[in-house]
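# Examining the three-dimensional arrangement
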Amino acid sequence: MNHSQFLISGFLRPPFYNGVGRQINQLQRLTIKFCKSHGGSKGMRDFIENHLVNYAKENQSVVVYVKPRRHRSPVIVAEYLNGDRRWMSAQNRNHEEILKWLSLLSLQAGDTEPIRYRKNWHTDCPSIQGPWTPFTHKNPAFNNIAFPDKELGKQLNMPETATEKLLRLVQEQKNTKNE
Amino acid sequence: MSITQRVQQWATFGRVWHVYDCSYQNPFDSAKVIVKYLKGMQKPIYHPMNDCGDHVVCINTKQIALPGDEWTKRAYFHHTGYPSSATWTLAWELHSKDPMMIMKKAIYRSLGGNLQRRHTMQRLHLFKDDKVPQEVLDNITNQIRQLRPVPQRLDHIDQEVIDNFPKIMDYPEDYLPKAIK
Amino acid sequence: MVFLTALRLTRARGPDEWWRKRKVFKLAAFFYGRRRNCYSLAIRSLHRALVYATKSRALKKMDLIELWKQRISGGLESHGLEYWQFMDGLHKSNIQLNRKVLADLAAFEPATFESLSKIALDVKEAENDENSNKN
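Residues numbered from 1 in each chain as written. Chains lettered and ligands numbered in written order. Predicted model: local features only at pLDDT ≥ 70, side-chain atom pairs only at ≥ 80, totals over all residues.

- Per an unreviewed UniProt entry, chain C goes by the name Large ribosomal subunit protein bL20m and belongs to Chironomus riparius.
- UniProt, in the comment section headed Sequence similarities (unreviewed entry), describes chain C in these words: "Belongs to the bacterial ribosomal protein bL20 family." (UniProt positions renumbered as here; feature names shortened; annotations may be inferred.)

- Per an unreviewed UniProt entry, chain B is named 39S ribosomal protein L13, mitochondrial, and its organism is Chironomus riparius.
- In UniProt, chain B has this text filed under Sequence similarities (unreviewed entry): "Belongs to the universal ribosomal protein uL13 family."

What follows is the structure, given as structure tokens:
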């Protein structure tokens, strides 16, 4: 069976508590490959001439490599902190589009494979008060009871029996007589 | 998993041992209650695929009370697989052979059919009287309440209570009750 | 497509046949046996599977509601309340927590759940007092 045909299932997980203390940009390395003469790389060449320095200044944590190569289509390769590598073709893209793609890549956390979420939320600390245990609401007096116990085993909320009612009526009668 | 989380896990999924006194109880009604504990349905973490069932120790199974005339009318079927080896044993007969079997079968039946049933039954401990081994008693931390009151026998009541019981009239001293034929 | 004869034109079933079947095979990829690879068997069991999937979307919700009910009444076991009494008490106290949240609270925040059960118990006792006063 070809497993790549299915959506991989998983849980929502931020990379290494990112953003809890400080935010670390997950994009680490950006390789831009292009051709100096080919038409498909025109947008890329525009981008490198006019916007790349600005982009590198704004994202100082990203290492940018520019790699010219003859007669090959332009390519963006983004490498992330968790080891993910995202390859993207920039053939015939103009400089605005390339800038948008780059800003998207630098915002992502690397793992861009779509996954089917088992749950829509995730927390490492599901309980503040401590999860339920069989002993949570247990009466501590149970520790000193020798089981089986006659009183504990008795049924609760039983209706009054005929004998009990008779005894009660007699007692009431006695009380009224005494008064 | 940190050590506190691990201990939390053990605590949440810890198996509790319950004791149930079967004396004068209807085994078929009791089975429904016992099954709830065997499956762990009394816990807020219950899930059919969650192994959170408890142990139940049933004592005094010899003292069960069947409703109506079921001692003589209820038949238990058994077939060994060989031809003409089908047997129908009446409840009183089965009970005299094995005083735990009626209770066991009642619970096994009310567990419903699935693959987990035999494993759940392993957590049921039946004793015909109240002589339970000490290692079993040591585990017990809870008691399941009975479903109906245990009737009191006349010869177990104090003579003083009997004498003081309210009555409309006294029998004459020379009164002879009707002879029992 | 280029057709050299009219016969070929009528016999050709269109360029999209392979892609159309591929869509079906992709969905039937985890079926057992020939149902995975033979189109006529695959489409037949795929239709059945999709019907099951449609029906189970409602069933899943019902199953979950049943599970939450079971868990809530499990949590109430140690507080001396029945499920219906608890829900009735909460409703009358205008506490609008749904069954899912209540089931989660019972398992993960037992103290909160205990307080909720006490609220429901108060409602129940107040009603009992009213009834006895009427009588």
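Having put the structure on the table, let's press on.
## Comments concerning the overall build of chain B
- Across its full length, chain B holds eight helices and six strands.
- When the helices and strands of chain B are placed in sequence order, the string is α-β-α-β-α-β-β-α-α-α-β-α-β-α.
- For a compact globule of 181 residues, the expected C-alpha radius of gyration is about 16 Å, and chain B comes in at 22 Å, more than 25% above that figure.
- In terms of overall dimensions, chain B has a C-alpha envelope of 85 × 55 × 30 Å along the principal axes.
- For chain B, the proportion of its 181 residues judged to be buried stands at 24%.
- When contacts within chain B are restricted to residue pairs at least 6 apart in sequence, those whose partners lie at least 24 apart make up 69%. (Helix = DSSP H or I, 4+ residues; strand = E, 2+ residues; numbered from the N terminus. Rg over C-alpha atoms; globule rule 2.2 N^0.38 Å. Buried ≥ 20, exposed ≤ 12 C-beta atoms within 10 Å, placed from the backbone. Contact = placed C-beta atoms within 7 Å.)

## Here's the deal with the domain arrangement of chain C
- With domains assigned, chain C is organised as domain 1 (16-57) and domain 2 (58-134).
- A straight line from the C-alpha centre of domain 1 of chain C to that of domain 2 of chain C covers 44 Å. (Domains from an automatic or database assignment.)

## Notes on the interface of chain A and chain B
- Every contact between the two is made by 16 residues of chain A and, on the other side, 20 residues of chain B.
- Listed by contribution, the elements that provide at least two residues to the side of chain A that touches chain B are α4 (150-153) and α5 (162-178) of chain A.
- Taken together, the residues of the side of chain A that touches chain B break down into 11 nonpolar, three polar and two charged. (Nonpolar A, V, L, I, M, F, W, Y, C, P; charged D, E, K, R; others polar.)

## Here we look at unusual backbone geometry
- Note the cis peptide between F147(A) and P148(A), where omega equals -5°.
- As for its position among the elements, P148(A) is in the loop between β6 (115-117) and α4.
- Of note in this structure, H71(A) is not a glycine but carries a positive phi near 55°.
- Relative to the helices and strands, H71(A) is located in the loop between β3 (63-68) and β4 (75-80).
- Phi is positive for N60(B), which is not a glycine, with a value near 55°.
- Mapped onto the elements, N60(B) comes out in the loop between β2 (55-59) and α3 (70-73).

## A look at the sheet that holds β2(B)
Residues and elements named next belong to chain B.
- Read across the open sheet, the four strands follow the order β5-β2-β1-β6; overall the sheet is parallel. Every other strand in the sheet has two partners, leaving β5 (124-126) and β6 (140-143) as the edge strands with one partner each. Within this sheet the neighbouring strands show an average axis-to-axis angle of 30°, counted without direction.
- Strand direction decides the pairing type here: β2 and β5, joined by three bridges, are parallel. If you follow C58 over to β5, its bridge partner there is L126.
- Those strands touched by helix α2 (residues 27-39) are β1 (17-21), β2 and β5, and its axis lies near 150° from that of β2. (Pairing = 2+ DSSP bridges. Axes fitted to C-alpha atoms, helices over the stretch in contact; angles between N-to-C directions.)

## Re the sheet that holds strand β2 (residues 27-34) of chain A
Residues and elements named next belong to chain A.
- Spatially, the four strands line up as an open sheet ordered β3-β2-β4-β5, and their pairing is mixed. At either end of the open sheet lies a strand with only one pairing partner, and these are β3 and β5 (85-89). Neighbour-to-neighbour, the strand axes of the sheet open up by a mean angle of 15°, direction not taken into account.
- As paired strands, β2 and β4 are joined by six bridges and run antiparallel to one another. Note on β4: the bridge partner recorded for R29 is E79.

## Focus on the interface of chain B and chain C
- Taken together, the contact pairs seven residues of chain B with nine residues of chain C.
- Its residues placed into classes, the side of chain B that touches chain C shows four nonpolar, two polar and one charged.

## Side note on helix α6 (residues 110-134) of chain C
- Between its terminal C-alpha atoms α6(C) stretches 36 Å, which fits the 36 Å expected from 25 residues at 1.5 Å a residue.
- Residues of α6(C) that are buried in the fold lie against α3 (39-76), α4 (83-92) and α5 (99-108) of chain C. (Expected span 1.5 Å × (residues − 1).)

## Points about the packing of α2(B) against helix α5 (residues 101-110) of chain B
Residue and element names in this part refer to chain B.
- Put simply, α2 and α5 touch, their axes get as near as 8 Å, and they point 55° apart. With respect to α5, the axis of α2 lies oblique. Every pair of crossing elements has a handedness; the one defined by α2 and α5 is right-handed. Facing P27, F28, A31, K32, I34 and V35 of α2, the residues of α5 in contact are I102, M103, A106, I107 and S110.
- Looking at the contact of α2 with α5, its residues break down into nine nonpolar, one polar and one charged. (Parallel < 35°, antiparallel > 145°, perpendicular 65-115°, else oblique. Left-handed = near helix turned anticlockwise from the far one by under 90°.)

## Comments concerning the nonpolar core
Residues and elements named next belong to chain B.
- With 23 residues, the main nonpolar core has Y20, I34, V56, C58, M103 and I107 as its most contacted residues.
- When contributions to this core are tallied by element, the ones reaching two or more residues are β1, α2, β2 and α5.
- Top contributing element to this core by residue count: α2, with six residues.
- When residues no more than four places from it in sequence are discounted, the contact partners of V56 are H18, Y20, I34, Y37, L38, R123 and L124. (Core = buried A, V, L, I, M, F, W, Y, C linked by C-beta atoms within 7 Å.)

## With respect to the pairing of strand β4 (residues 86-90) of chain B
Residue and element names in this part refer to chain B.
- Sparse coverage of β4 is indicated by the burial of zero of its five residues.
- Two elements, strand β3 (residues 75-79) and β4, share five bridges in a ladder whose sense is antiparallel. Within β4, the residue paired with H79 across the bridge is A86.
- Once β3 ends, the chain turns through six residues before running back antiparallel as β4, passing G81 with a positive phi of about 110°.

## Looking at the environment of A29(C)
Residues and elements named next belong to chain C.
- Inspection of the secondary structure assignment puts A29 in the loop between α2 (17-27) and α3.
- For A29, a count of 16 C-beta atoms within 10 Å gives the class partly exposed.
- It is 9.0 Å that separates the C-alpha atoms of A29 and A42, two residues lying 13 residues apart in sequence.

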